[in-house]
Amino acid sequence: MITIAKNIERLSDRLRLLERQYERSSASVKLLAVSKRHPVESIIAAHEAGIVDFGENYLQEALDKIQHFSSMQLNWHFIGPIQSNKTKAIAENFHWVHSIDRFKIAQRLSDQRESSTAKLNVCVQIKLSDETNKFGVELSKAEALCDSVDALPNLKLRGLMAIPAALPDLESQRRTFRVLAQEYARLKPRYAQFDTLSMGMSNDLEAAIAEGSTLIRVGTAIFGPRS
Ligand SMILES: *Cc1c(COP(=O)(O)O)cnc(C)c1O
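In short, a report on the structure. (Residues numbered from 1 in each chain as written. Predicted model: local features only at pLDDT ≥ 70, side-chain atom pairs only at ≥ 80, totals over all residues. Heavy atoms only, no water.)

Observations regarding the side chain of Arg113
Tracing the chain through its elements places Arg113 in the loop between helix H5 (103-112) and strand S5 (120-127). The buried charged residue Arg113 lacks any salt bridge, with Glu114 as its nearest oppositely charged partner at 9.0 Å. Discounting chain neighbours no more than four positions away, the residues touching Arg113 are Ala91, Phe94, Ala118, Lys119, Leu120 and Asn154. (Helix = DSSP H or I, 4+ residues; strand = E, 2+ residues; numbered from the N terminus. Buried < 20%, exposed > 50% of the residue type's maximum accessible area, 1.4 Å probe, protein only. Lys, Arg positive; Asp, Glu negative; His and termini not counted. Salt bridge = Lys/Arg side-chain N within 4 Å of Asp/Glu carboxyl O. Contact = heavy atoms within 4.5 Å.)

If you want it as structure tokens, here you go:
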């Protein structure tokens, strides 16, 4: 547990350094702690170190954790692939969804979100590299999907997300992220609440920050390897 607190402190220091190095404004990069496949004890340790945003990929595991922490003010982000039969539970239990890649899923989430609760914050997931990642909408179809998601009453379109293929060096990582950042900049004026560029994980967060990420999703560098 001491390790998790140390990891978060080290990561936060690194974030602030990278913001300066790449001329990003201070605290412009938020940290989402990806707690999938880690136990509730690890979430407690991260929370005690100041983390309030947690990312999960597997619905049943996530629902158990959300239930466990129901008395605490944590923000839960769904970041994994979504099947139609999962949308109801996601709409009812999460604050954010980063992995919208087709209209049908967005429409179900909006229909199943209680209109009396806050709107569900969503990002549209873009496919950046065909070979390794089958999820995400094609870049050429991103604008049409964003337009239709933005029109749904119980969703709030917050931005774009991508999970690029693992690349070995900073320059090639930056080139890939740049494609997403350019699309984000192009679309941003169209949508009132568009403020989130969800890109960067443990192994490519420097490249993501260099290219303008506003939210990095970090698992391993906080919690260690997953079981
Ligand atoms: C697992 C996962 C992460 C975290 O990956 P790490 O390499 O452990 O930092 C981030 N984003 C998504 C969508 C994930 O599935």
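Focus: the site of the ligand
Close contacts around the ligand come from Val34, Lys36, Asn57, Ile79, Ile163, Met201, Ser202, Arg217, Val218, Gly219, Thr220 and Arg226, and that covers them all. For the ligand, an oxygen atom lies 2.7 Å from a polar atom in the side chain of Lys36. Interatomic distance of 2.8 Å between a backbone N/O atom of Gly219 and an oxygen atom of the ligand. Contact with the protein chains removes 91% of the 390 Å² of surface that the ligand exposes when unbound. When the residues that make up the shell around the ligand are grouped by side-chain class, the tally is five nonpolar, four polar and three charged. (Near = heavy atom within 4 Å. Polar contact = N/O pair within 3.5 Å; in protein donor to acceptor, adjacent residues only side chain to side chain. Areas by Shrake-Rupley, 256 points an atom, 1.4 Å probe, with all protein chains shown as cover. Nonpolar A, V, L, I, M, F, W, Y, C, P; charged D, E, K, R; others polar.)

Observations concerning the packing of helix H6 (residues 142-150) against helix H7 (residues 170-187)
Look at H6 against H7: their axes get within 11 Å of each other, and the N-to-C directions meet at 45°. The orientation of H6 with respect to H7, classified from their angle, is oblique. In this structure, H6 crosses over H7, and the sense of that crossing is right-handed. Where H6 abuts H7, its residues Ala142, Glu143 and Cys146 lie against Glu183, Arg186 and Leu187. (Axes fitted to C-alpha atoms, helices over the stretch in contact; angles between N-to-C directions. Parallel < 35°, antiparallel > 145°, perpendicular 65-115°, else oblique. Left-handed = near helix turned anticlockwise from the far one by under 90°.)

Observations concerning unusual backbone geometry
Even without being glycine, Ala27 reaches a positive phi, approximately 65°. Note that Ala27 resides in the loop between helix H1 (2-21) and strand S1 (30-34). A positive phi is found at Arg37, a non-glycine position, where the angle reads about 60°. Secondary-structure assignment places Arg37 in the loop between S1 and helix H2 (40-48).

Examining the packing of aromatic side chains
Aromatic ring pairs are defined here through the distance separating the ring centres and the angle between the ring planes. Enumeration over the complete set of coordinates arrives at five aromatic pairs. Between the aromatic rings of Phe78 and Phe94, the centroid separation amounts to 5.3 Å while the plane-to-plane angle is 85°, which identifies the pairing as edge-to-face. With a gap of 16 residues between them, Phe78 in strand S3 (residues 75-78) and Phe94 in the loop between helix H4 (87-93) and strand S4 (96-100) connect regions that are remote in the sequence. Just as Phe78 is buried, Phe94 falls in that class too. Plain terms: the ring middles of Tyr191 and Phe194 are 5.1 Å apart, the flat faces sit at 50° to each other, and that makes the pair tilted. Judged by its relative accessible area of 5%, Tyr191 is buried. (Phe/Tyr/Trp six-rings, centres within 6.5 Å; stacked < 30°, edge-to-face > 60°.)

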